[in-house]
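# Inside the fold
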Amino acid sequence: MRGGGGLKGAFAAYDAQMVKRPIITKMWTSFIIGAFGDMLSQLLSKTTGGGVDAYRMVTYGLSQLLYFGPVMHFWFQAVDGFGKLPVLAGSSSVVKTLAMTAFDQTVGATLVISGFFMFFTVWSAVLAGPFFSPGLPALLATGAAKVGADLWPTLVANWKLWPAANFLNFKFVPLDYR
């Protein structure tokens, strides 16, 4: 491994990949975090009895790889650009970060969560078997119904954690690592 062994070497290798292949690296990072997070969620959940459904874990991890990794790479670039708008030019870093967080948690959360509901509807159909058996218009209608039914409660749940987390992210994490 380049950069030495141990944790320091792992970080050096990760840094090298972030420079060489940022989107691919973020996609695989999203897979690992998503799969691990789902596994942890299952282990802590009373509904799963402490067991782990490996298919569910991998399916969710792959959805992170295919959707959230690339989407969030480009979304965070857009948020960073928002923070550089001329209207914020004379603002303190805290005001800029608050503006970026507000933009992220209104426009961004709405678009990203809606997109994920649509993506996951189609992704689930792909995994279930013949992709076009219900027909793409029916799948899109199902996804749109999911957005209509679940967007607001998901946004409310999202706002319990992600404004604070993303404020810290925007304030302290360099753009290339978001």
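Shown above is the structure to which this text applies.
Report on the accompanying structure. (Residues numbered from 1 in each chain as written. Predicted model: local features only at pLDDT ≥ 70, side-chain atom pairs only at ≥ 80, totals over all residues. Heavy atoms only, no water.)

Evaluated as defined, the whole model comprises four salt bridges. Aspartate 38 is paired through a salt bridge with arginine 56; the nearest N and O atoms lie 2.9 Å apart. In this pair, aspartate 38 sits in helix α2 (residues 22–44) while arginine 56 sits in helix α3 (residues 54–82), placing the two residues 18 residues apart along the sequence. Relative accessible area serves as the criterion here: at 34%, arginine 56 is assigned to the partly exposed category. We note a salt bridge from aspartate 150 to lysine 146, for which the minimum N-O separation is 2.5 Å. You can see aspartate 150 and its partner lysine 146 sitting in helix α5 (residues 136–158), four residues apart, about one turn around the helix. Of the residues examined, aspartate 150 reaches a relative accessible area of 24% and is grouped as partly exposed. Among the residues examined, lysine 146 registers a relative accessible area of 35% and is labelled partly exposed. (Salt bridge = Lys/Arg side-chain N within 4 Å of Asp/Glu carboxyl O. Helix = DSSP H or I, 4+ residues; strand = E, 2+ residues; numbered from the N terminus. Buried < 20%, exposed > 50% of the residue type's maximum accessible area, 1.4 Å probe, protein only.)

So, about the packing of aromatic side chains. Enumeration according to the criterion identifies 12 aromatic pairs in this entry. For the ring pair tryptophan 75 and phenylalanine 103, a centre distance of 5.2 Å and an interplane angle of 25° mean the geometry is stacked. On the criterion of sequence distance, the pair formed by tryptophan 75 in helix α3 and phenylalanine 103 in helix α4 (residues 93–128) is long-range, its members being 28 residues apart. One exposure class covers both tryptophan 75 and phenylalanine 103, and it is buried. Taken together, a centroid distance of 4.1 Å and an interplanar angle of 5° make the contact between phenylalanine 82 and phenylalanine 103 stacked. (Phe/Tyr/Trp six-rings, centres within 6.5 Å; stacked < 30°, edge-to-face > 60°.)

Counting residues in hydrophobic clusters, the biggest one holds 19 residues, and the most contacted among them are Tyr67, Phe68, Met72, Trp75, Val79, Ile113 and Phe116. Mapped by element, the contributors of at least two residues to this core are α3, α4 and α5. The residues touching phenylalanine 68, leaving out its near neighbours within four places in the chain, are Ser30, Ser63, His73, Val112 and Phe116. (Core = buried A, V, L, I, M, F, W, Y, C linked by side-chain atoms within 4.5 Å. Contact = heavy atoms within 4.5 Å.)

We now examine α4. At glycine 108, α4 is deflected by roughly 45°, the largest bend along its length. Remark: glycine 129 follows α4 within two positions and exhibits a positive phi of approximately 145°. (Bend = angle between axes of the 7 residues up to and from the residue.)

Estimated volume of the largest pocket: approximately 1,100 Å³. Elements that contribute at least two residues to the lining of the largest pocket include exactly α1 (6–20), α2, α3, α4, α5 and α6 (162–172). With 10 residues, α4 is the largest single contributor of residues to the lining of the largest pocket. Broken down by class, the residue content of the lining of the largest pocket amounts to 17 nonpolar, 14 polar and four charged. (1 Å grid on protein atoms, 1.4 Å probe; cavity = no way out; pocket = protein on both sides within 12 Å on 5 of 7 lines; lining within 4 Å. Points joined across faces, edges and corners; volume = space filled by probe spheres on them. Nonpolar A, V, L, I, M, F, W, Y, C, P; charged D, E, K, R; others polar.)

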